[in-house]
Amino acid sequence: MMSLLPLCILISLPLISAAADVGLSTITLKNPTYNQKDNQDYYYNGPYFLIPGTVNEVRQKLTQGFQNAGLGDFQWKDDSDVLSKMEHPWLEASFANHPELKKTIDQATTALVDNAQQAGAFSASEKAELLQAIPKQDKDYVARLELAKAPFFEQRISRWEFKRSVSARHSILHEDFGYVMDVSPMLARGPMVLVWYGGLETKTEKTFKMFSGLGGIGPIPDPHIQTTKTTTSAIDQALQHSLNNSLADMQVLPDAEAMSIMQPWFTQEKEAPQNAQPEVPEIAITGNPTTPAPVFDVPVSKIPEFSGNDPEQFKIYSQSFEDWQMLLLPDDQLIVSTFAKIQLFDFKENKIKLLHNFQGQSAITSLKLDDTGRLWGLDKVTSSANGEQPGVIYKLLSWTPDGKKSREIALPGVRQAFLENWLINPGENVALWSSNDSPVFNLSLKKGELTSKAGMVESREAAIRLVNSSKSRNLTSIKFNDNLVWRQDWGGYGLSAETGQVVQSVKTNVDGMFFGSLESRWGLAPSEGSAYLANPIFIINLDSGLPYLKFDKPVSHVARTAHGRLLALDTTVLEMKSGTIIAQLVPDTGYTVAASAFSWKGDKLWVYLKNNDGVEKVMIWDVPESLRDAALGKSYPDQANLDTSAGQWR
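In what follows, the accompanying structure is described. Note that the structure is a prediction, hence the values are computed from the model and not measured. (Residues numbered from 1 in each chain as written. Predicted model: local features only at pLDDT ≥ 70, side-chain atom pairs only at ≥ 80, totals over all residues. Heavy atoms only, no water.)

Thoughts on the packing of helix H3 (residues 99–118) against helix H11 (residues 456–467)
Packing of H3 against H11 leaves a shortest axis separation of 9 Å and a crossing angle of 145°. Judged by the twist between their axes, the crossing of H3 over H11 is left-handed. In contact with Thr 109, Leu 112, Val 113 and Ala 116 of H3, H11 contributes Ser 459, Ala 462, Ala 463 and Leu 466. (Axes fitted to C-alpha atoms, helices over the stretch in contact; angles between N-to-C directions. Helix = DSSP H or I, 4+ residues; strand = E, 2+ residues; numbered from the N terminus. Left-handed = near helix turned anticlockwise from the far one by under 90°. Contact = heavy atoms within 4.5 Å.)

Some details on the packing of aromatic side chains
Counted under the stated rule, the structure contains 16 aromatic pairs. On the numbers, 5.2 Å between centres and 50° between planes, the contact of Trp 76 with Phe 162 is tilted. Here Trp 76, found in strand S3 (residues 75–78), pairs with Phe 162, found in strand S6 (residues 159–169); they are 86 residues apart in sequence, far enough to count as distant. Judged by its relative accessible area of 0%, Phe 162 is buried. Where Phe 177 meets Trp 196, the ring centres are 6.0 Å apart and the plane angle is 40°; that geometry is what we call tilted. Placement of Phe 177 in strand S7 (residues 172–182) and of Trp 196 in strand S8 (residues 192–213) is noted, with a sequence separation of 19 residues between them. (Phe/Tyr/Trp six-rings, centres within 6.5 Å; stacked < 30°, edge-to-face > 60°. Buried < 20%, exposed > 50% of the residue type's maximum accessible area, 1.4 Å probe, protein only.)

Section: the pairing of strand S23 (residues 485–488)
Because side chains alternate across S23, one face comprises the buried residues Val 485 and Arg 487, and the other comprises Trp 486 and Gln 488, equally buried. Bridging between S23 and strand S24 (residues 492–495) involves 4 bridges; their strand directions are antiparallel. For Arg 487, the partnering residue across the bridge sits in S24 and is Tyr 493. Between the end of S23 and the start of S24, which pair antiparallel, lie 3 residues. (Pairing = 2+ DSSP bridges.)

Remarks on the sheet that holds strand S33 (residues 580–584)
Spatially, the 6 strands line up as an open sheet ordered S33-S32-S31-S30-S37-S38, and their pairing is antiparallel. Of all strands in the sheet, those bounded by a partner on one side alone are S33 and strand S38 (648–649). Two elements, strand S31 (residues 566–569) and strand S32 (residues 572–575), share 4 bridges in a ladder whose sense is antiparallel. By the bridge assignment for S32, Ala 568 is matched with Val 573.

Here you go:
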């Protein structure tokens, strides 16, 4: 499908014509001489005529006229196609002149959204918002045409292009072009033919240069010929004269009447005024006083031994590997997980003490903590069965913080190369999903059954394309720390892994939301840059979908209190109701943040630090009593770290 560009009415062009009020208006169509190599415009704005008649009649007249004027070097090419593949303003004109067509598509649209909602692809509020948004997107009917399958748009439209290239001088190339097109079906009157034409002049200049620049080094000796091309609009007067003479006896419609008939084209193509995005205020980072917080040494622990591997290599890899996690237990004991080790620490009498250095747990990824204080982890192994190609299968592990494994569940049905994320609803189920189009898996902890649900994804995406055909599902999950699988496309939506249906939704006008608080109604998304780099952060209102604050400093680690009252962005702590900085922590010189987490009591923020020599420390900030946000029920602290190797927050 060709790109769609807005049309405009430009200034009148001088014509040599028996009727002075004919062919003065212009429209934009694709340029038959388009040359991507020379950066010519794909679309061109040129004058047009409307003529009662057939394409063959008009084409014969023009061909004879070209020959009589000595322009016999024009080449003709059949550019006919079905209407649905023509420039979309022809579709707009069709809708304006055939109201029954729009009614047909509107009915099919409503039916699609209704069916999608009944299948669980949308929450009730999303459905209402979607049906309100679709009529505002009438400039893009592509997806809706495919939906309606209206025979009208599958009829073949006769269109012929003519063009020629003339080298006026050695350095100047002149190109003339145009179309003869049957527009009777779209304008609902006939027979009616459109004649449209234009011209381009490309000037080539060659200049001898003694020097050239190289990567900012400066001029270096390099004798060469530099070639530059400049293309401008230039309609050949002989072509204008030939067209006017050829069509003089064919009852060409006066310009005012032609413009009236073509009005739906121009009316539909007027760009709707864009709502200016409000300026997002930035959180003032500089100039804030630093907040004192004590720093404590972390005991040096031995890297667990691994058969066939060098422990020192594990240590080096662990320091560079970005899948660091830190979890605070309800009793303020601390779990730190890296590639090479999982450790349990205690903090008493102003000292960090190592309680456990878990052996044989290094393959566990995405360590989780549930609201009962139990630890969960995924262990993946490469395996093949029955002669199949090797694939990755997973085991789900659950154990108490003292390292005593209490349960191991094999997941042979989950053979994804990579699971994007997973979550636990203690005593009920575990949801697991990957970053590609595979289904969401649900493991019932009561029955031990593994099921998958994927049916609603396609119906949701089909409906979303009606609002914006360029919007596809954002594969980054959103961590709200509830029991739903959260993703983003037109908005954020939460899936039940048990039913495969959308049961909750939030608004967002910013791509890439990855973290937030449903209770405090805010979310985080990068304001710019690549997913594989730390970026400045937008704070988004989940009710309006609009960003209301910007943290204009790259962020790699985020943590929030149980109900989302406080948010830590690396070492900056915000009070979310007011959007103000309440603490600005400063790591020791040479140390960077590896992970951070708030305590369950809401009284402390723990920031795990490391340096390039493998030395680790913990900085602990005491939250003022008036700002403490303690865990209650299923509301407990959560955190996420940016894994730049995968371009995802975990």
